[in-house]
Amino acid sequence: MSNQRRGSSSASIPRSVPTPPEQQTAATESEPPTITSDALVASSSRRESPSLPTPASSNGDSNVVASRESTPRHDGLVGSSALPYVTLGPAAHPSSLASALKAINDNGHVAFREFPTPPSIDSPYTHSISSTAPASPRIPPLRQNSGSQTPRVRPHATTLSIPGMTRSLVSPDGKIADRDVAAKLVIIMVGLPARGKSYITKKLRRYLAWQQHNTAIFNVGNRRRVAGMASPIKQRNENPMDSLQPPTATIRVNGVAPEQSPESPRKPSATDQNDSSSVPMDQSAKFFNPQNEQTSRLRDQIAIDTLDELLEYLINGGGSVGILDATNSTIQRRQMLFDHIKAREPKLGILFIESVCKNPDLLEANMRLKLSGPDYKDKDPVKSLEDFKERVKAYESAYVPLGDYEEDHGMQYIKMTDVGKKLTHFGLGGFLSSNIAHYLSSFNLSPRQIWITRHGQSSDNQLGKIGGNSELTDRGHLYSKVLYEFITHKRKEWLVEQRDKIAQSSFPPVPGTRSPPYPELNQELDEKNFCIWTSMLTRSIQTAQHFEADEDYDVKNWEMLNELNAGKFEGLTYEEIARTHRDEYTKRQINKLHYVYPGVGGEGYLQVISRLRDMVREIERIKDHLLIIGHRSVCRVLMAYFMDLTRDDIADLDMPLGMLYAIEPKPYGIEFHAYKYNEAAGWFDEMPQYKPRRTVDRSA
């Protein structure tokens, strides 16, 4: 067989070769007689009626010869050469076929060979004229239930939804659709007081909102304090959703906390005090005693009222994630909340997050921080600390941590120990829960500085071109040198300040004492490294050249820090784009956040947010100082995360060359400083009371 395959490979297509007359006689003597269907057809046709001449007969050839010429040889493919075969012609008469079949039954050794399909050029259909009638219109399929005629009752799939990276019929922008209730999430915080729950909720809300998931915090303690006020709630919202503005993390500008704005009016509930002559509730440690049935019922009602606001936000307010910030330290309270949610909307996801604190130094620092909170503000710190510890003891008497009960009842949960030192979880379902667990695992409380700046001036900056990979100008090289000298100076200055804070910290605290840095300060501060991260583009790498020459800095280039790719507009100016591609320029002006540049590799701000997601987790994880030398779009996105900016501010944030931003993570939020490059003085000048603002250049 292998020899036959090699022999047949010399010709790409098997051909039918006419048998020479001298070979025909020899073949007749050595082989059984061949019965051709053409001969049968010819004899049958003479008996029936004359037929039109075929192409073979018109040339004077016999039907037998025509059959042999059109019949391919299949050497090696027919069983035994001793078996006769019958070749069926293209127009075999039924009587001829019947005779052939009878011969098979009688002799038992006649084999059929299929006659090949006539060439297409001989078909009369090849000479037909194509129809000029218009094609039938295409009717798109109607959306229907393919399973049955009954309406669909099961919830829709809750797969990953990333704004700007996913798209569907019900969610063209990639956000979690209002229809996909099962993809939304209720987060219920669990833990004793002073365990860092509010710190976790604020960071978690900031991260999810930066990822373009509508997220809000609903704090039971805030409602409790309002319910305990003597003055009634005199204002009522026309729109109940006006009360659902999420609280944000405190941002200290140049080390000074901003003034607290008055609370916006909210929708009154059953727990509001409507009697102006009512006496304020005693909210000391006695109020939290679990043995006090009256206050326990009141606290449960306050929790339910707050949960109702959260559910309204998720179901009817366009929210994706709602966080209930409270202790929820007993199984009874957690089961009550769980049942209340399922009664309102069974498909909603529920995730319990517990914060456990075993480090005594960390716990002491948390308690100190509580002294500046709303419950003890402007009160004697020593007495306040004693009362707070009594409150904690009251909670501890009935406290049951997450564990066996939740696992037995299939409730998903995450348990954090010492703010990220240890993380355990159970039964996580849905992409939001998994994303949250990954983010929480990157937490750390180490004091450090995070610096953000753009690269020095490049050749394309001089020409006003976007994108590209140009080198620094002479002014850009000078900026890189001054940046290195200034960062080195501030690094030494920060170390001295932290050591002074440790030396000046006192206990018990005195009025006006600010919460000291967290226990990590007890480590060797001079061992803290300083990382320099740049993009893979030349102008960013060159700006870090002086850091690269100093072994005391660790420099790394990141592709995910590259500038937003402008696609086919790379190397153009905004004026050129507005002149030659007016429609694209207008679309970008209307919605810069969702706009994606056309062409190969073109990106938008949502794509930049997506590729920086892992970098933000890494920034949260590391305990070293960090300087990021990026580009305008990248710096805008990173600043939006740390400064807790809204989605409307990201793409229009003012981010000029020569600005340097310093961010210090704190338990209460961040401490923020801004510096402006002074080219004449060869240094950076601090800008007091600087606040992020929108750019005046609408094209940038």
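Residues numbered from 1 in each chain as written. Predicted model: local features only at pLDDT ≥ 70, side-chain atom pairs only at ≥ 80, totals over all residues. Heavy atoms only, no water.

Caption draft 1: Region of interest: the packing of helix α11 (residues 360–370) against helix α12 (residues 381–396). Direction vectors running N to C along α11 and α12 enclose 120°, while the axes themselves pass 10 Å from each other. Here α11 runs over α12; the crossing is right-handed. Residues Glu364, Met367 and Lys370 of α11 form the contact with α12, whose own contacting residues are Leu385, Phe388, Lys389 and Val392. Residue classes in the contact of α11 with α12 are distributed as four nonpolar, no polar and three charged. (Axes fitted to C-alpha atoms, helices over the stretch in contact; angles between N-to-C directions. Helix = DSSP H or I, 4+ residues; strand = E, 2+ residues; numbered from the N terminus. Left-handed = near helix turned anticlockwise from the far one by under 90°. Contact = heavy atoms within 4.5 Å. Nonpolar A, V, L, I, M, F, W, Y, C, P; charged D, E, K, R; others polar.)

Caption draft 2: Looking closely at the pairing of strand β16 (residues 669–678). Within β16, eight of the 10 residues are buried, which leaves the element mostly enclosed by the surrounding structure. For strand β15 (residues 659–666) and β16, the ladder comprises eight bridges, and the chain directions are antiparallel. Paired with Pro665 across the two strands is Ile670, which belongs to β16. Following β15, the chain reverses through two residues before pairing antiparallel with β16. Direction of pairing for β16 relative to strand β17 (residues 683–686): antiparallel, over a ladder of four bridges. Within β17, the residue paired with Tyr675 across the bridge is Glu686. If you look at the hairpin formed by β16 and β17, you'll find four residues sitting between the two strands, and Gly682 has a positive phi there, around 65°. (Buried < 20%, exposed > 50% of the residue type's maximum accessible area, 1.4 Å probe, protein only. Pairing = 2+ DSSP bridges.)

Caption draft 3: Geometry of unusual backbone geometry. One non-glycine residue, Asn328, lies in positive phi territory at about 45°. Looking at the secondary structure, you find Asn328 in the loop between β7 (321–325) and α10 (331–344). Phi at Asp644 is positive, roughly 55°, even though this residue is not glycine. Of note, Asp644 is situated in the loop between α23 (632–642) and α24 (647–650). For Asp644, a relative accessible area of 15% gives the class buried.

Caption draft 4: How the structure looks around the packing of aromatic side chains. Using the criterion set out here, one finds 26 aromatic pairs in the structure. Aromatic pair Trp210 and Tyr641: ring centres 5.4 Å apart, planes at 65°, arrangement edge-to-face. With Trp210 in helix α7 (residues 197–210) and Tyr641 in helix α23, this residue pair connects regions lying 431 residues apart in the sequence. The residues Trp210 and Tyr641 share a single accessibility class, namely buried. The interplanar angle of 90° and the centroid separation of 6.3 Å between the aromatic rings of Trp451 and Phe486 together place this pair among those described as edge-to-face. In this pair, Trp451 is assigned in strand β11 (residues 450–454) and Phe486 in helix α16 (residues 474–504), connecting sequence segments 35 residues apart. Here Phe486 falls in the buried class, since its relative accessible area comes to 3%. Among the aromatic residues, those joined into a ring-pair cluster are Tyr199, Tyr207, Trp210, Tyr439, Phe443, Tyr641 and Phe642. Against the face of Tyr641 rests Arg206, its NZ or CZ located 4.6 Å from the ring centre. (Phe/Tyr/Trp six-rings, centres within 6.5 Å; stacked < 30°, edge-to-face > 60°. Lys NZ or Arg CZ within 6 Å of the ring centre and 35° of its normal.)

Caption draft 5: Structural detail: empty space enclosed by the protein. For the structure shown, the criterion picks out two cavities of 30 Å³ or more. Approximately 40 Å³ is the volume found for the second largest cavity. Residue lining of the second largest cavity: Phe569, Tyr574, Ile577, Glu584, Tyr585, Arg588, Tyr595 and Tyr597, and that is the complete set. Where the lining of the second largest cavity is concerned, the elements lending two or more residues are α19 (574–580) and α20 (582–590). At three residues, α20 tops the list of elements feeding residues into the lining of the second largest cavity. (1 Å grid on protein atoms, 1.4 Å probe; cavity = no way out; pocket = protein on both sides within 12 Å on 5 of 7 lines; lining within 4 Å. Points joined across faces, edges and corners; volume = space filled by probe spheres on them.)

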